[in-house]
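One letter stands for each residue in the lines below.
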Amino acid sequence: MHGGVRGRRQKPPPTRSEICERKNFLTRPDTAKSMKEQPMAANIDYAFLVMSLNDNFSVNRAVRYAATVLQEGVQPIVILTKVDLCPDVEILKEQIKEMLPQIKVHAVSALTDYGMDKLQMYLQPGNTIALLGSSGVGKSTTAINYLMPSVLEHNEKMVIMINEEDQDKVKKELLVWVANNLYSAGLHKYILRDGHFSKDVLDKLRKAAKYLEELKERRNITIVPFEKYTVKAAIKVIKKYSSMGVRLFVLDTLKESSDSRDTETWKSMERDMVDLYDVVKPAAKNVALFVTYQLGKASVK
């Protein structure tokens, strides 16, 4: 052998051996009135249509959202959040049911955990659930409140991938959930922002923070922030942690990969969602993936 440095044999680049058929693809009208459709998600099992009951409730919006997902063969589920801020929950639920009699409607509260147990039936391995709604309606909060009971009751492990919310905000969401559900603190999130705590509340927050640290040490909860989101990075996280026994994943919020070179966003996101589905489906990693997606501003009626 001639002189030189003997290096490691390079692995051949990964190749795609099969392109699985897309079973559905959600779009929305372009808000810029360009007459083009904007992509939302593909290969979805359930679409949680999230609206808050305090200032975001709109029957017309629920009907539009439901029509959008139904035409693509996706099962919509209406989720009404912030029950604790609304005195007329049943009346508003009936308004939705009257217009959408074949669709299930659930009212929930992040503060009291009211109604969250009713959502557990949708949490099955291999399912992809999209949380769709306007900004500020509680999509991220709903995802955390939906999954945390499984984390605690069944010693599940959950990975939260973040590309829009910062880590501090997610940690506050988790802190409030633990304080309210394990220590009966009765906290709204704005209390953490304002910082006016009674001694009792401060003690409960400290206990909740300590318990969260224990969950992180046991790897029941892992937060993975993305500086620049790419679907390749998300898939790498899912593969890595699913091999370690994680079965619950949250992607907050779905958007186009930063490394996309496609001039048409919808094509890029369509491929991304197909790639995500190929990883989480029962024949592959068989994990549950929650994806949040912003449909529009909260003021849109």
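Calculation criteria
Residues numbered from 1 in each chain as written. Predicted model: local features only at pLDDT ≥ 70, side-chain atom pairs only at ≥ 80, totals over all residues. Heavy atoms only, no water. Helix = DSSP H or I, 4+ residues; strand = E, 2+ residues; numbered from the N terminus. Buried < 20%, exposed > 50% of the residue type's maximum accessible area, 1.4 Å probe, protein only. Contact = heavy atoms within 4.5 Å. Areas by Shrake-Rupley, 256 points an atom, 1.4 Å probe, with all protein chains shown as cover. Pairing = 2+ DSSP bridges. Core = buried A, V, L, I, M, F, W, Y, C linked by side-chain atoms within 4.5 Å. Phe/Tyr/Trp six-rings, centres within 6.5 Å; stacked < 30°, edge-to-face > 60°. Axes fitted to C-alpha atoms, helices over the stretch in contact; angles between N-to-C directions. Parallel < 35°, antiparallel > 145°, perpendicular 65-115°, else oblique. Left-handed = near helix turned anticlockwise from the far one by under 90°. Nonpolar A, V, L, I, M, F, W, Y, C, P; charged D, E, K, R; others polar.

1. Remarks on the overall build of the protein
Link 1 in the chain: Tallying secondary structure elements over the protein gives 8 helices and 10 strands in all.
Link 2 in the chain: Relative to its 301 residues, the protein shows a buried fraction of 50%.
Link 3 in the chain: Taking as baseline every contact in the protein between residues at least 6 positions apart, the subset at least 24 positions apart corresponds to 75%.
Link 4 in the chain: Summed over its atoms, the accessible surface of the protein is roughly 16,300 Å², and 50% of this surface lies on carbon and sulfur atoms.

2. Focus: unusual backbone geometry
Link 1 in the chain: In this model, Asp-252 is joined to Thr-253 through a cis peptide bond whose omega is 15°.
Link 2 in the chain: Residue placement: Thr-253 occurs in the loop between strand 9 (248–252) and helix 8 (265–280).
Link 3 in the chain: For Asn-155, which is not glycine, the phi dihedral falls at a positive 55°.
Link 4 in the chain: Here Asn-155 shows up in the loop between helix 3 (139–153) and strand 7 (158–162).
Link 5 in the chain: You will see that Ser-184, though not glycine, has its phi angle at about 50°, which is positive.

3. Re the pairing of strand 6 (residues 128–134)
As a general feature of sheets, a regular strand has side chains that alternate between the two faces.
Link 1 in the chain: With 7 of 7 residues buried, strand 6 is to be regarded as a mostly interior element.
Link 2 in the chain: As paired elements, strand 3 (residues 46–52) and strand 6 share 5 bridges and run parallel to each other. Residue pairing in the sheet places Val-50 in a bridge with Gly-133 of strand 6.

4. With respect to the nonpolar core
Link 1 in the chain: Of all hydrophobic cores here, the largest spans 51 residues; its most connected members are Ile-96, Met-161, Ile-238, Phe-249, Leu-251, Leu-276 and Leu-289.
Link 2 in the chain: Sorting elements by how many residues they give to this core places helix 7 (residues 231–242) first, with 6 residues.
Link 3 in the chain: Not counting chain neighbours up to four residues away, the residues in contact with Ile-238 comprise Met-161, Phe-249, Leu-276, Val-279, Val-280, Val-287 and Leu-289.
Link 4 in the chain: Counting residues in each nonpolar core, the second largest holds 44 residues, with Val-108, Tyr-146, Leu-174 and Trp-177 among its members.

5. Here's the deal with the packing of aromatic side chains
Any two aromatic rings considered together are summarised by their centre-to-centre distance and by the angle between their planes.
Link 1 in the chain: What the rule picks out here adds up to 6 aromatic pairs.
Link 2 in the chain: Ring centres of Phe-226 and Tyr-229 lie 5.9 Å apart, and the angle between their planes is 55°; this geometry places the pair in the tilted category.
Link 3 in the chain: An aromatic cluster is defined as three or more aromatic residues linked by ring pairs; in this entry it consists of Tyr-46, Phe-48, Tyr-122, Tyr-146 and Phe-290.

6. Re the packing of helix 4 (residues 167–183) against helix 6 (residues 199–217)
Link 1 in the chain: Interaxial distance between helix 4 and helix 6 falls to 9 Å at its minimum, and their mutual angle equals 110°. Relative to helix 6, the element helix 4 lies roughly perpendicular. For the crossing formed where helix 4 meets helix 6, the hand is right-handed. Facing Lys-171, Leu-174, Leu-175, Val-178, Ala-179, Leu-182 and Tyr-183 of helix 4, the residues of helix 6 in contact are Lys-204, Leu-205, Lys-207, Ala-208, Ala-209, Tyr-211, Leu-212 and Lys-216.
Link 2 in the chain: When grouped by side-chain class, the residues that make up the contact of helix 4 with helix 6 number 11 nonpolar, no polar and 4 charged.

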